[in-house]
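Summary of structural features
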Amino acid sequence: MAQIAAGQEDREKTTALKDLLSRIDLDELMKKDEPPFTFPKTLEEFEYAFNEYGQLRHLKTEEPFVFNAREDLHRWNQKRYEALGEIITQYVYELLEKKCNMTKQILPEERTDDEPTSFIYLSPDALSNPSKLLVLIQGSGVVRAGQWARRLIINQDLDSGTQIPFITRAMEEGYGVMVLNPNENYLEVEKSAMSSPLSSPTEPSDEPAEKRDRKDDKEGKKKREFYEKYRNPQKETETERIPIRENSSSEEHVLYVWDHFVSQAKAKNVFIMAHSYGGLSFVELMNQRETEVKEKVCAVALTDSAHNIWLQETSKGTQDWMQQHCCNWVSSPEPVDTLLDPMLRDCPRVSAGTERHELTSWMSFESIFRFFNKSLETKEDEEAEETSNTVTTRSSSLKYKHQDL
């Protein structure tokens, strides 16, 4: 009997230990000594600044940004990185406004005072330039207007990670410029107590209410005591997202900007540059506005585009047009501009001269402007030839009429 009792006790201890271990959340355990998520609000408070080469450097040590500021605290380091990223976003906005002399255009145009909004940036002549307009579309993620890759801005420099060099070069060559903001899709607000979901109802029980309450209190006390030691000392605020009307996705945003701005611009020749998911959004624009795009767009430069003509069900007309007017610079170890085998029947694929996805835009910088200039020259030559043929035809027609007389 003693052995049976001992065995029973061991089983109970084992069961209790398993129950204890099942209650331990290792992620929560790792957060126990985590510092508060309170970070500086400016670059100066972070003790960082951009030097004359556009590189982010520590004000005292002049060293590049260090992600692992505190060892074994990955989540805290990530939150710190994100806080710096938000400051970088505002810094780039300032560059667009002060260095590039661009203005912020709030979207949607017709809106109520209390609805969430997005925005794009326009050069002074974006809508009035009669000749050329450049439209810049970034990829997906945390990047906002004026950025290609936050990682490059922080770890490399402003030239490689922002759209500033493209904007500056375009303005020097007589383009109007529109900078889209396809990832500003919602307003994030703190979730109120009223909007929080109610606790899930428990299954009905045959126990008397008083006994059940005492049992729940006892179990609840045990859980509280257990987790008091291993709890997360800082709970993140619960938020909810309010979508921005007609701009709640990258595809919606690009379509909205086309309908309300690009299509209204006076430029005879529109050029589009789209990176990664921005390429997918452009192809979706073609699916929705094929005729208008073909009439107004001269050339499209894509960099590591995420589009897929099969999955997006593009028309044959769109595919034929893309072969003639688009070029996709993709990540590849081959030298820049090396022609690569096509994956689908859409547009030529050439090497961006790098295997890093986020660098494809910057590495293709010179090639893209050469492509735009060549495309414009070809169009102008074709228009001149067409005009010449029309004049010749009219002259011949008048000559025959004169002979008949």
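Residues numbered from 1 in each chain as written. Predicted model: local features only at pLDDT ≥ 70, side-chain atom pairs only at ≥ 80, totals over all residues. Heavy atoms only, no water.

Thoughts on the environment of P108
Rules: Secondary structure elements are taken from DSSP: a helix is a run of H or I of four residues or more, a strand is a run of E of two residues or more, and numbering for both begins at the N terminus. Every residue pair with non-hydrogen atoms within 4.5 Å of one another is taken to be in contact.
Position of P108 among the secondary structure elements: in the loop between β3 (103–107) and β4 (118–122). Each C-alpha atom, one on P108 and one on S118, is 7.1 Å from the other, the two residues being ten residues apart in sequence. When residues no more than four places from it in sequence are discounted, the contact partners of P108 are E115, P116, I244, R245 and Y256.

Overview of the packing of helix α9 (residues 250–262) against helix α10 (residues 277–288)
Note the following rule: Axes, fitted as lines to C-alpha atoms, cover a helix only where it is in contact. Angles between the N-to-C directions of the axes lie from 0 to 180 degrees. Working definition: roughly parallel below 35 degrees, roughly antiparallel above 145 degrees, roughly perpendicular at 65 to 115 degrees, and oblique for all remaining angles. Two helices cross in a left-handed way if the nearer one is turned anticlockwise from the farther one by less than a right angle. They cross in a right-handed way if the turn is clockwise. Here the term charged refers only to Asp, Glu, Lys and Arg, the term nonpolar to Ala, Val, Leu, Ile, Met, Phe, Trp, Tyr, Cys and Pro, and the term polar to all other amino acids, Gly among them.
Direction vectors running N to C along α9 and α10 enclose 55 degrees, while the axes themselves pass 9 Å from each other. Looking at the two axes, α9 sits oblique to α10. The two elements α9 and α10 cross, and the hand of that crossing is right-handed. In this structure, α9 contributes S250, E251, V254, L255 and W258 to the contact, and α10 contributes Y277, L280, S281, E284, L285 and Q288. Tallied by class, residues from the contact of α9 with α10 come to six nonpolar, three polar and two charged.

Describing unusual backbone geometry
Cis geometry marks the peptide bond from L107 to P108; its omega dihedral reads -10 degrees. Even without being a glycine, E246 presents a positive backbone phi close to 65 degrees. Its location among the elements puts E246 in the loop between β8 (239–243) and α9. Although it is not a glycine, E313 sits at a positive phi angle of roughly 55 degrees. The residue E313 is located in the loop between β10 (297–303) and α12 (316–325) in this model.

Quick notes on α12
What counts here: Each residue gets one of three labels from its accessible area relative to the maximum for its type: buried under 20%, exposed over 50%, partly exposed in between, using a 1.4 Å probe on protein chains only. The directions from the helix axis to the C-beta atoms are what the arc is built from.
Of all the residues in α12, the buried ones are T318, Q319, W321 and M322. Along the axis of α12, the buried positions cluster into a sector of 165 degrees, meaning they face one direction only. Of the residues in α12, the exposed ones pointing more than 90 degrees away from the buried face are K316 and Q324.

Comments concerning the side chain of N181
Mapped onto the elements, N181 comes out in the loop between β6 (175–179) and β7 (186–190). Assessed through its relative accessible area of 0%, N181 is described here as buried.

Details of the side chain of R150
With respect to the helices and strands, the residue R150 is situated in helix α5 (residues 150–155). If near-sequence neighbours (up to four positions away) are discounted, R150 is found in contact with Y81, E82, G85, E86, T89, V142 and V143.

A look at the nonpolar core
We count it as follows: By nonpolar core is meant a set of buried Ala, Val, Leu, Ile, Met, Phe, Trp, Tyr and Cys residues that side-chain atoms within 4.5 Å join together.
In this structure, L136 and F372 are the most contacted members of the largest nonpolar core, which totals 51 residues. For this core, the element with the most residues is helix α4 (residues 74–98), which contributes ten residues. Beyond its immediate chain neighbours, meaning those up to four positions away, F372 contacts L134, Y175, F271, I272, A299, V300 and A301. Among the nonpolar cores identified, the runner-up in size contains 32 residues, and L285, M286, V300 and C326 belong to it.

Brief notes about the confidence of the model for the protein
Basically, it comes down to this: pLDDT is a per-residue confidence score from the predictor, ranging from 0 to 100.
Averaged over the protein, the pLDDT score is 85; the fraction of residues at 70 or greater is 77%. Long-range and interchain partners of residues 196–207, a stretch whose pLDDT sits below 50, account for four contacts in this model, where long-range means more than four residues apart. Here residues 225–232 scores under 50 on pLDDT; set against residues more than four positions off or in separate chains, the count is 13 contacts.

Some words on the pattern of salt bridges
What counts here: For this analysis, a salt bridge means a side-chain nitrogen from Lys or Arg found within 4 Å of a carboxyl oxygen belonging to Asp or Glu.
A full pass over the atoms with the stated rule returns 15 salt bridges. Between R151 and E358 there is a salt bridge whose closest N-O contact spans 3.6 Å. Pair noted here: R151 is in helix α5 and E358 is in the loop between β13 (349–351) and α13 (360–363), with a separation of 207 residues, a long-range link. For the salt bridge of E246 with R245, the shortest nitrogen-to-oxygen distance reads 3.2 Å. Taking relative accessible area as the criterion, E246 reaches 39% and is therefore assigned partly exposed.

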